[in-house]
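One letter stands for each residue in the lines below.
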Amino acid sequence: MSQEHAEKAGFETRAIHAGYEPDPTTGAVIPPIYATSTYKQDGVGGLRGGYEYSRSANPTRTALEGALAAVEEGERGFAFASGLASEDTLLRTVCRPGDHVVIPDDAYGGTHRLFDKVEQAWGLAHSPAPVSDVDAVRAAIRPGETKIVWVETPTNPLLNIGDIEALAGLAHEAGAILVVDNTFASPYLQQPLTLGADVVMHSTTKYVGGHSDVVGGALVVRDLDLAERVAYHQNALGAVPGPFDAFLTHRGLKTLGVRMDRHCDNAEAVVDFLTGHPAVTQVIYPGLAEHPGHEVAARQMTRFGGMVSFRVSGGEQHALEVCDRARVFTLGESLGGVESLIEHPGRMTHASVAGTDLEVPADLIRLSVGIETATDLVADLEQALGD
Ligand SMILES: *Cc1c(COP(=O)(O)O)cnc(C)c1O
């Protein structure tokens, strides 16, 4: 689809068509998997379409990167071997020893580990702050040293909401950039670049891939100078996906819109059921009016997503039993796939923060609500909760 066409088209049209024109030689409607590491040159330096070596660029990856930029309304998209690889590449692009980053106080565990155990050893400092508290984020900024304000919204597993527009404003006042990890919302529900963020990051392993069959990451950038520097580091560091992974991720992206609508429909049905259940003490979902981030979420998201957390009476023991008894919900980590998953954050995804300020309640259960038949999901939770 031409650039001009792509800019005017709706979300699903961009997700399906942007980044690729049917192959001029064969008419192939879908980008072929270019399983090649190198490219024949027409005379020294005579590259066809700019392709030289597949760490630098590969046509299957180029198609995915174009589509990612189009759905996030950015200037350029970049695909990586994993979400964490994209984060590391961005940090090495933007930061130098002595710099500082503000991160969410409930950041994704792997993101927290990257800052705390890896980047810190290379001289990059960080301070955790709650993304839902603009004043706390402002107070955590170190003038002159803070290069990035890094947020997730909604966060994991308590689904806290950060006000992207307000956070972009205060990052820019301090001479920093705002990076939004948009993994939980997906580009279908929230486009941070249109709200003032400078970079969007994804674990495409989750909703973008959507079928729990591929690990990947992405960055989408608004500013062309920054995009040039990211492109340089993507090639220089080399944490790129292979063409098979790029193909699967791109295939997933095309159905993101229809999948997300069903994720949201099913999450709403599950929330309705849980809200009325006597053994459930709290339901955490940004779509509920009593959620502290509801108003901000309603402003910056088109719907409230497929992640639901809830607490049960009977403490940790009951929470573990519910997880064990679920049958349609699969007991497992990760999220964002077509199949529903259930997990106990205290013992699973968030076990490493036990005993710290980030500890999550022991009676908390997290659901990644999939796109199965809603009545089956509700019936499964009903039997799992017992009586
Ligand atoms: C999974 C995840 C990541 C890390 O991505 P990987 O693809 O596992 O490397 C980062 N942020 C969030 C919010 C995630 O859920």
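Definitions and cut-offs
Residues numbered from 1 in each chain as written. Predicted model: local features only at pLDDT ≥ 70, side-chain atom pairs only at ≥ 80, totals over all residues. Heavy atoms only, no water. Domains from an automatic or database assignment. Salt bridge = Lys/Arg side-chain N within 4 Å of Asp/Glu carboxyl O. Polar contact = N/O pair within 3.5 Å; in protein donor to acceptor, adjacent residues only side chain to side chain. Nonpolar A, V, L, I, M, F, W, Y, C, P; charged D, E, K, R; others polar. Buried < 20%, exposed > 50% of the residue type's maximum accessible area, 1.4 Å probe, protein only. Helix = DSSP H or I, 4+ residues; strand = E, 2+ residues; numbered from the N terminus.

1. Examining the domain arrangement of the protein chain
Phase 1: Here the domain parsing of the protein chain yields domain 1 (3–254) and domain 2 (257–385).
Phase 2: Where domain 1 packs against domain 2, one counts one salt bridge.
Phase 3: For the salt bridge of R299 with D163, the shortest nitrogen-to-oxygen distance reads 3.4 Å.
Phase 4: Scanning the region where domain 1 abuts domain 2 turns up 14 residue pairs in polar contact (both at pLDDT 80 or more).
Phase 5: Classifying every residue of the side of domain 1 that touches domain 2 by side-chain character gives 15 nonpolar, 12 polar and five charged.

2. Some thoughts on helix α7 (residues 164–173)
Phase 1: Along α7, the residues that are buried comprise I164, L167, A168, L170 and A171.
Phase 2: With its phi angle positive at about 75°, G175 sits one or two positions after the end of α7.

3. Points about the pattern of salt bridges
Phase 1: In the structure shown here, the tally under the stated rule is 18 salt bridges.
Phase 2: Here E343 and R366 are joined by a salt bridge, their closest N and O atoms 3.3 Å apart. Placement of the pair is E343 in strand β11 (residues 341–343) and R366 in strand β12 (residues 364–368), with a sequence separation of 23 residues. As far as the burial class goes, E343 and R366 line up, both buried.
Phase 3: Through salt bridges with shared partners, a single network forms among D261, D265, E268 and R303.

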